[in-house]
Amino acid sequence: MLKKAYDWIDERLNVTPLWRDVADHEVPAHVNPAIKMSAFVYCFGGLTFLVITTQILSGMFLAMYYTPDITNAWYSVRYITDEVLLGNVVRGMHFWGASLVIIMMFLHMLRVFFTGAYKKPREMNWVVGVLIFFVVLGFGFTGYLLPWDQKAYWATAVGAQLAGSIPWIGPYIQTLLLGSHTVGALTLTRFFAIHVFFLPAALLVLLALHFIMIRAQHIAGPL
Amino acid sequence: MAAGGERIPGTPRYRHHHLKNPGTEPFIPNFLLKEWIAGSVFLLAFMLWVVFNPVDLGSKANPDDTSFIPVPDWYFLFLYQLLKYFPGDNELFGTILVPMVGALLLLFAPWLDTKKTRHPYKRPLATAGMVLTTFLVIWLTNEAAVQHAAEVAAASGQASPGLPVIPKIEASQIHLVDTSDPGYQLFQNTCANCHGHSGEGGAGPPIYAIGKYWDAKKLYDFIENPVGGMPKKGTLSSDDDVKKVADWLAKQKG
Amino acid sequence: MSDFQQRASHDEPSGLSRRQFLTYALGGTGAFMASLVAVPFVVETLDPIRRGGANRFVNSGHKVSEFNKTLPQLVEFRAHRDDGWNSADIPSRTWVILQPDGTPLAMSPICTHLGCQVNGTLGPDGKPAPAQDGQWWFHCPCHGSKYTVYGIQSPGSPAPRPLDVHTVKVDEAGYLYLGPLQQRNSSGQVIS
């Protein structure tokens, strides 16, 4: 039954070569921790992707209860934390996952750097990877404000002041960042939009590029 | 599929180094299974961590409460700490130049380190640079966390770690001596704002009996270069004033 | 289809091939990881199901002895509503009559046809008065649904069922408490 459905699609779209290429490509021994234990450092990238996946999922499920509005945001987060069954676990996953993404990505970056894997012909993939790092830091900065508690508010206020201290254009950057002249209702909606629409879009595009390039260029050989 | 294939009963166990492409194996299912086993362990540990470390929610944001000591999330602490080393007119370095240069170096690393060789030992400059940067980032992060903890402790009226702790008592129970000393007047105009008019403590810790712990020299050195949330010289204007206050404080033995 | 499957079937005609075993193990590991993260998500999503409706009783502010068996009296009260992290007391009204056995019947003034507010029959003094035709006491201004003093709709009414009733409780002091609304079937029996 399943095979029939697959054949029907395959006959029309010829999908087999696409996924066979992904499925059958040979993974070299030097990245295989089952052969050499020290190759576990090559897992950091995959684990980063795993955490990013859980971040996307937990974010989607949090969004079912969250309200990006200064009078309700804090109460909706409190509702998630105290009232919703396992709501504190979902929030915990998103909260701790945010830190874990940064840690795993940093380790992945160190691995790539120290193995010199960014060298020709993989320069572009390194650049994409660094851009992903910046996007993830953007996630961290915008997401930190969303619970609208004291920590969130003042951290954003300080961050905005830093942006404002840039000579000449600083005040404009600060106003655009906050959507207003102080941290407030417009900041929260703006950060929410950036956090759940703009940055995920950027992240997915960059991740796709990252993976397509790995597939096209293969993993760098052993040292 | 030449290597790492299925083992047929009766044939010798395969040795990857005997094969032409030693140890390669197909991505699915062989390699992905190993990755996912690692992923399962990782995810299980993560979920256990999440369940046993519930996240609390602070009180609702209050823009009027300026006494809250702000701090960014931990992964921005190194940038935050960096700023402290570029005060005043040099702020430009801390806010943009240094982070910008760092970001650009990172982004364009492949064009800065163009030698063909990949082994970290054979390109000492790149390796040393990255090791140094990593340690610097970790050190800055730690330094910021320690300083923030000290600020929070100071603001809550507790002495920073490592400083003498004088018990909190009612101001009416405190008897300051030698209140005709010029140091006492200076104390009332500056120090008292945080430490209380009888040294009973406020935003800063109690110091009514500090003379029991520190002599005038130690007090002078501390006021000149305080730790925790205390401002330099305790907002006194001259070294001479600091000395007067330190001399007077040294007489307060509770 | 793939040369692997063909090869597996040539080499090991019976039993599980290594490749098949690995594929099953891969599926199992994937399912384990998915369920690990999915459990909190599913439970969190299903949370609304375990929450009942507004089932809190509120004091109507009137004693049962204030009502009578002949005509319904209008009672204004504040219904409590929890809506996520919001909660509110909403001004509400209900018509209360005593049934022949003396138990109070509190009827919602919402027409069961399309949700208009039905009117009771009132005298010139604004107080409840006997039905003009002797039978149909509530009249809906929208489509002419008619109900008896017990809220049973007339046979020709567009209304499909009698007026909904509050579950009621009476405390020791004799005060009437109003609970959630329930529907009734055409013979006036509470059905849900």
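From a predicted model like this one, the values you see are computed outputs, not experimental measurements.

Asks: Looking at this structure, how should I read the interface of chain A and chain C?
Replies: A common way to express how large an interface is: the accessible area buried when the components associate. Each partner contributes to the interface: chain A provides 24 residues, whereas chain C provides 19 residues. Between chain A and chain C, roughly 1,900 Å² of surface is buried when both sides are summed, and carbon and sulfur atoms account for 70% of that area. The three residues of chain A that bury the most area against chain C are Y65, Y79 and L85 of chain A, which together make up 28% of that side's buried surface. Summed over the shared surface of chain A and chain C, the number is one salt bridge. A salt bridge links R51 of chain C to E83 of chain A; the nearest nitrogen and oxygen atoms lie 3.9 Å apart. Run the count over chain A and chain C and you get six residue pairs in polar contact (both at pLDDT 80 or more). Broken down by secondary-structure element, the contributors of at least two residues to the side of chain A that touches chain C are α2 (16-24), α3 (44-63), α4 (73-82) and α5 (87-114) of chain A. Of the residues forming the side of chain A that touches chain C, the biggest block, six residues, is contributed by α3 of chain A. Grouping the constituent residues of the side of chain A that touches chain C by class yields 15 nonpolar, six polar and three charged.

Asks: Sorry, what's going on with the pattern of salt bridges here?
Replies: Close approach of charged atoms allows side chains of opposite charge to pair. Summed over the entire model, instances satisfying the criterion amount to 18 salt bridges over all chains. Across the pair K119 of chain A and D113 of chain B runs a salt bridge, and its minimum N-O distance is 3.1 Å. One end of the pair, K119 of chain A, is in the loop between α5 and α6 (123-145); the other, D113 of chain B, is in the loop between α4 (109-112) and α5 (124-155), on a second chain. According to the relative accessible area criterion, K119 of chain A is buried, its value standing at 5%.

Asks: Can you help me understand a nonpolar patch on the surface in this one?
Replies: All names here are of chain B. Together, M100, V101, L104, L105, F108, W111 and L112 make up a nonpolar patch on the protein surface, roughly 700 Å² of accessible area in all. Listing elements by their share of the nonpolar patch, those giving two or more residues are α3 (91-107) and α4. Ranked by residue count, the leading element in the nonpolar patch is α3, at four residues. Structurally, L112 is set in helix α4. Looking at L112, the relative accessible area reads 57%, which means it is exposed.

Asks: So what exactly am I meant to see when it comes to the state of the cysteines here?
Replies: Each disulfide consists of a covalent bond between the sulfur atoms of two cysteine residues. With the rule as written, the count across this model stands at one disulfide over all chains. The disulfide bridge from C116 of chain C ends at C142 of chain C, spanning 2.0 Å between sulfur atoms. Here the S-S torsion is close to -105°, and the disulfide linking C116 of chain C with C142 of chain C is therefore left-handed. Here C142 of chain C lies in the loop between β5 (138-139) and β6 (146-147) and C116 of chain C lies in the loop between β4 (104-107) and β5, a separation of 26 residues in the sequence. Overall, C142 of chain C belongs to the partly exposed group, its relative accessible area being 40%. Take C191 of chain B: it sits in no disulfide, and the sulfur closest to it among the cysteines is that of C194 of chain B, at 9.0 Å. For C140 of chain C, which is in no disulfide, the shortest distance to another cysteine sulfur is to C111 of chain C and amounts to 3.8 Å.

Asks: Looking at this structure, I do not really get helix α9 (residues 185-217) of chain A. What am I missing?
Replies: Counting along an α-helix, one turn takes 3.6 residues, and residues three or four places apart therefore face a common direction. Residues and elements named next belong to chain A. Helix length check: α9 (33 residues) gives 46 Å between terminal C-alpha atoms against 48 Å at 1.5 Å per residue, within 8%. At I194, α9 shows its strongest bend, of approximately 40°. Note on α9: the residue one or two positions beyond its end, H218, has a positive phi of about 65°.

Asks: Help me understand the packing of α6 of chain A against helix α7 (residues 150-164) of chain A, please; the structure alone is not making it clear to me.
Replies: What describes two packed helices is the angle between their axes and the distance between those same axes. All names here are of chain A. For the pair α6 and α7, the least separation of the axes is 7 Å and the interaxial angle reads 130°. What the angle tells us is that α6 and α7 run oblique. Contacts between α6 and α7 involve F141, Y144 and L145 on the former and, on the latter, K151, A152, Y153, A155, T156 and G159. Here the residues of the contact of α6 with α7 sort into six nonpolar, two polar and one charged.

Asks: It is not clear to me how the interface of chain B and chain A should be interpreted in this structure. Could you clarify?
Replies: If you look at the interface, chain B gives 65 residues, while chain A gives 73 residues. Of the roughly 6,300 Å² buried where chain B meets chain A, counting both sides, 73% is carbon and sulfur surface. Inspection of the chain B/chain A interface yields one salt bridge. Applying the counting rule to chain B against chain A returns 26 residue pairs in polar contact (both at pLDDT 80 or more). No other element matches the eleven residues that helix α1 (residues 27-52) of chain B contributes to the side of chain B that touches chain A. Pairing analysis gives two bridges linking strand β1 (residues 26-27) of chain A to strand β1 (residues 25-26) of chain B, with the strands arranged antiparallel. Following the sheet pairing, E26 of chain A is matched in β1 of chain B by P26 of chain B.

Calculation criteria
- Residues numbered from 1 in each chain as written.
- Chains lettered and ligands numbered in written order.
- Predicted model: local features only at pLDDT ≥ 70, side-chain atom pairs only at ≥ 80, totals over all residues.
- Heavy atoms only, no water.
- Contact = heavy atoms within 4.5 Å.
- Buried area = accessible area lost by both parts, 1.4 Å probe.
- Salt bridge = Lys/Arg side-chain N within 4 Å of Asp/Glu carboxyl O.
- Polar contact = N/O pair within 3.5 Å; in protein donor to acceptor, adjacent residues only side chain to side chain.
- Helix = DSSP H or I, 4+ residues; strand = E, 2+ residues; numbered from the N terminus.
- Nonpolar A, V, L, I, M, F, W, Y, C, P; charged D, E, K, R; others polar.
- Buried < 20%, exposed > 50% of the residue type's maximum accessible area, 1.4 Å probe, protein only.
- Patch = residues over 30% accessible without salt bridge, like charges linked within 9 Å, V, L, I, M, F, W, Y side chains within 5 Å.
- Areas by Shrake-Rupley, 256 points an atom, 1.4 Å probe, with all protein chains shown as cover.
- Disulfide = S-S within 2.5 Å.
- Expected span 1.5 Å × (residues − 1).
- Bend = angle between axes of the 7 residues up to and from the residue.
- Axes fitted to C-alpha atoms, helices over the stretch in contact; angles between N-to-C directions.
- Parallel < 35°, antiparallel > 145°, perpendicular 65-115°, else oblique.
- Pairing = 2+ DSSP bridges.

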